[in-house]
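Fold and contact review
Take a look at the letters that make up each chain.
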Amino acid sequence: MDKFIYFLEALSFANLGLAFAGVLAGIVIGALPGLSATMAVAVLVPFTFTMNPASGLIVLGAIYTGAIYGGSYSAILVNAPGTPSAIATTFDGFPMAKRGDGALAVSIATLASVIGGLIGALMLMFLAPPLATVALAFGPPEYFWLAIFGLTLISALSVGNLIKGLIGACFGLILSMIGVAVIGADVRFTFGSQTLIGGIDIVAGLIGLYCIPVLIDLVATKDPHLKVASDSSGFRLGESFAILMRNKVNAIRSSVIGTVVGILPGAGGSVASLVSYSESRRSSKNPENYGKGEPGGIIATEAANNATVGGGFIPTLVLGIPGTPPDAVILGALLVQGIKIGPQLFTSQGSIVYTFIFGLLIGTLLMLPIGLVVGRYAYKSIVAIPKAALVPTIAFLTVIGSFAIHNNLHDSAVMLGLGVIGWGLNRAGFAPSPIVLGLVLGQIAEQGFVQAYLIGNAQGNILGQFFGRPISLAIAAFAILTLFYPLAASAIGARRAKKSAVDQTVESRDANA
Amino acid sequence: MRMKTLLSTAVFAFALSAGVASAQDYPSKPLNYIIPFNAGGESDVAARFQQPYLEEAAGQNVVIQYISGAGGAQAWSQLNGMEADGYTMMGSNLPHIILQPMAQDVGYKTEDITNVYFFQYTPDALLVPADSDFKTLEDFVNYAKENPGAATVAGSATNSANHVAATKLNELAGIQTTYIPFSGTSPSMTALLGGQVQGAFSYSTAALNQGDQVRVLAVAAEERLPALPDTPTFKELGYDMVGGAYRGVAVPSGTPEDVRTKLSDLLGEVNANPEFKKKMEDAGFVVISVPYSEVPAFMEERKAQYDSVAKIMGIETSSN
């Protein structure tokens, strides 16, 4: 019953206004490539010091949720993920937009984000303490296997072109090694350049590899950016609902994956959406459509990345360990406000925590109307803006966005360099996604591997670290399943095709007889 | 929100283009306080604590910005290229600015960083999970003595304050432990709480954040911390270990002497504020006051400390 009071508190006029403003601002920031959720939250933190803690948290939570969702717009409409969480949304979102289904894709992304956000927040409210132990069960070997699992997605993403996919992934892995190593502090592949000593920032890599080739192609070809839908029948909300209902298992599974991956510090929204995309594709009846504009893919990634918001707050609030980078900023804000975090927070500061969680739920619900309206507007304007204006605008944003990561021109230089390389590789048939997967997952895999090895070595049981832990083995099994799934699926498909051919001959013979 | 970013960028540009300041009217416009790490870390939290008091002392706004990357090296290598009028100041951290240039070419040298004030440090703390068999530091040391190399100690990064602390304890206690570097304090704390490692070196601040999930075996401070009254210091237990991550403020090398002194005085005023001190101590920071005039002696003393440890860690002192 106590919770109901907190619910009313969160519903106060001021808090509702803050949640509304936060979601709206978050969506806009998230949609701009390079301006990430972390940045949005960091910029806002000083303003919250003047508010009471619960209101401050509500607005931070709202802007965070909004930004994660907003990343899907640019992923769908421009093939440029606005935040790293939206990488996998480009796989199916952009193909849908290209064939004229942009409005539908945005509506589906909105519904999936709301569902993911709600499930994540509800799990935060009811299951936070037990779920926090999940974060603790994941040690270095589990992170290693999780990253390997993510990398196996390459085999699924590059059907028919496996060699090129693997070469791209290796290129991405090498990119992830550039700079000062976390373990050992070796300086690698910097070629004596100060620009590279900080490594390749993932966001700079994303903007370069996804945005720049799109921009060059836009300039180099005469085709319009997106095919305009033949019937611009508004939100296509009914259709979206129908698709969502067909994918309800997918949506719920992806939300749960998102929440659980969000709990793991250092994994984050990009890993969550990649893992759920992979799972959604594997369990789908028509996996061959994935990557060509399958709505199920968008549902999986968008439900998962918004679920990481609630999931990430679980270790933040229960253990005092931030689950995602924006959580680290929010945790710092709590400290400055003099709030003692840690396991006692739920009991000692229940009013703040529960008001915040209700605020998060309300913010997520507000995302539905705001998102649909803003998304519609974004789609319309992207379609309506002539190429001569669209290209310079996006080009400008890519430079600003990459600069804004660390207030540093080095990242802009890295972004442009990778962009040109990415365009060249694209022409040669190398897709950007395997490269980005290598870049994102390389560090997680490397650190997990070396840490597990060091610990195993100290304990005199290296093999036990990698193969003697149940969670590790389960993740490894999924990885193997995903790796060989295309082979198995085509074998099964071939057998089915054969069988149905036999059936047909039998039928036709029967008919003849 | 974007307005704010634009605004701070504009302020930043304005500060860059402004003329030479004289100490009489300094400060007469907003101060840019650059943190060489991401938002949310100890450096950021400490700067946020300083911000309102510094604004009060200076009578000007203090704008906090972040230039992160390469463990701070990204920002420090750019410091001397920034406008040297006293309106650009940057967080400066030990042992980072001593060990980084010692280990490799990171684009700056320790002497390139003009520190005007050191205002706090977070003492190293050795943590074990609350349910660990190690009840005291002695238990841990004895275990490590009997099983050389078997005790695993997590920490944040290589050649970092945590790494120095682990190496130093090994040396002082005559033990051998395995240091496991993680990409930050959060993953290292997660590994500790999950029992992936047996202990972790972190700071007093992290020890407070984890509350009763962890047992703090000892802290590397001169005296027991007000926030952790029951935790012994390494010194009481017979290990001469006082240290951690020291944080100060540096300015570009061209900043006039009188402006450096004035800035040091302003930061000293903040440190003298009992309210500021209380807030910092509650969060686990130890407030120290090393004004501009005492910085050279302080740096010499810390350098000597890190030199001996660096040799053991295998960092070659560069030939210059």
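Parameters at a glance
- Residues numbered from 1 in each chain as written.
- Chains lettered and ligands numbered in written order.
- Predicted model: local features only at pLDDT ≥ 70, side-chain atom pairs only at ≥ 80, totals over all residues.
- Helix = DSSP H or I, 4+ residues; strand = E, 2+ residues; numbered from the N terminus.
- Rg over C-alpha atoms; globule rule 2.2 N^0.38 Å.
- Buried ≥ 20, exposed ≤ 12 C-beta atoms within 10 Å, placed from the backbone.
- Contact = placed C-beta atoms within 7 Å.
- Expected span 1.5 Å × (residues − 1).
- Domains from an automatic or database assignment.
- Nonpolar A, V, L, I, M, F, W, Y, C, P; charged D, E, K, R; others polar.
- Pairing = 2+ DSSP bridges.
- Bend = angle between axes of the 7 residues up to and from the residue.

Quick look at the overall build of chain B
In terms of regular secondary structure, chain B is built from eleven helices and ten strands. Radius of gyration (C-alpha) of chain B: 20 Å, near the 20 Å computed for a compact globule of 320 residues. The principal-axis extents of the C-alpha atoms in chain B amount to approximately 65 × 45 × 35 Å. For chain B, with 320 residues in total, the buried portion stands at 57%. A fraction of 76% describes how many contacts in chain B between residues 6 or more apart in sequence connect residues 24 or more apart.

With respect to helix H9 (residues 257-272) of chain B
In this model, H9 of chain B (16 residues) spans 23 Å end to end at C-alpha, consistent with the 22 Å of a helix rising 1.5 Å per residue. For H9 of chain B, the secondary structure elements touched by its buried residues are helix H2 (42-58), strand E3 (88-94), strand E4 (114-129), strand E9 (244-251), helix H10 (274-282) and strand E10 (286-290) of chain B.

What about unusual backbone geometry?
Residues and elements named next belong to chain B. Between Tyr 26 and Pro 27 the backbone carries a cis peptide bond, its omega angle lying at -5°. By the element assignment, Pro 27 lies in the loop between helix H1 (2-17) and strand E1 (31-35). A cis amide bond links Leu 94 to the next residue, Pro 95, at an omega of 5°. Structurally, the position occupied by Pro 95 is in the loop between E3 and helix H4 (96-103). Of note in the backbone geometry, Ala 70 takes a positive phi value of approximately 50° without being a glycine. Positive phi values are uncommon outside glycine, yet Asn 159 reaches one of about 60°. Assignment of secondary structure puts Asn 159 in the loop between strand E5 (152-156) and helix H6 (161-173).

Overview of the environment of Asp 223 of chain A
You can see Asp 223 of chain A is positioned in the loop between helix H8 (202-220) and helix H9 (237-246). Considering only alpha carbons, one finds Asp 223 of chain A and Lys 387 of chain A, 164 residues apart in sequence, at a separation of 9.6 Å.

A few points about the domain arrangement of chain B
Residue and element names in this part refer to chain B. With domains assigned, chain B is organised as domain 1 (2-121 + 244-313) and domain 2 (122-219). One C-alpha centre belongs to domain 1, the other to domain 2; they are set 28 Å apart. Across the boundary between the two partners, domain 1 contributes 16 residues, which contact 16 residues of domain 2. Listing elements by their share of the side of domain 1 that touches domain 2, those giving two or more residues are H4, E9 and helix H11 (295-313).

Comments concerning the interface of chain A and chain B
Each side of the interface is counted separately: chain A has 46 residues, and chain B has 48 residues. For the side of chain A that touches chain B, the secondary structure elements donating two or more residues are helix H2 (13-31), helix H3 (37-48), helix H5 (89-137), strand E1 (179-180), helix H13 (325-336) and helix H18 (432-459) of chain A. Here the side of chain A that touches chain B is composed, by residue class, of 30 nonpolar, 16 polar and no charged.

Describing the pairing of strand E7 (residues 199-203) of chain B
All names here are of chain B. Within E7, five of the five residues are buried, leaving the element largely enclosed by the surrounding structure. Because side chains alternate across E7, one face comprises the buried residues Gly 199, Phe 201 and Tyr 203, and the other comprises Ala 200 and Ser 202, equally buried. Inspection of the sheet shows E4 paired to E7 by four bridges, in the antiparallel sense. Across the sheet, residue Leu 126 finds its bridge partner in E7, namely Phe 201.

So, helix H12 (residues 295-318) of chain A
Residue and element names in this part refer to chain A. A rise of 1.5 Å per residue sets the reference length of H12, with its 24 residues, at 34 Å; its end C-alpha atoms lie 35 Å apart and thus fit the reference within 8%. Of all the bends found along H12, the most pronounced is centred on Thr 308 and spans about 30°. In terms of residue burial, H12 counts as a mostly covered element, since 24 of its 24 residues are buried. Just past H12, the residue Gly 320 takes up positive phi, approximately 75°.

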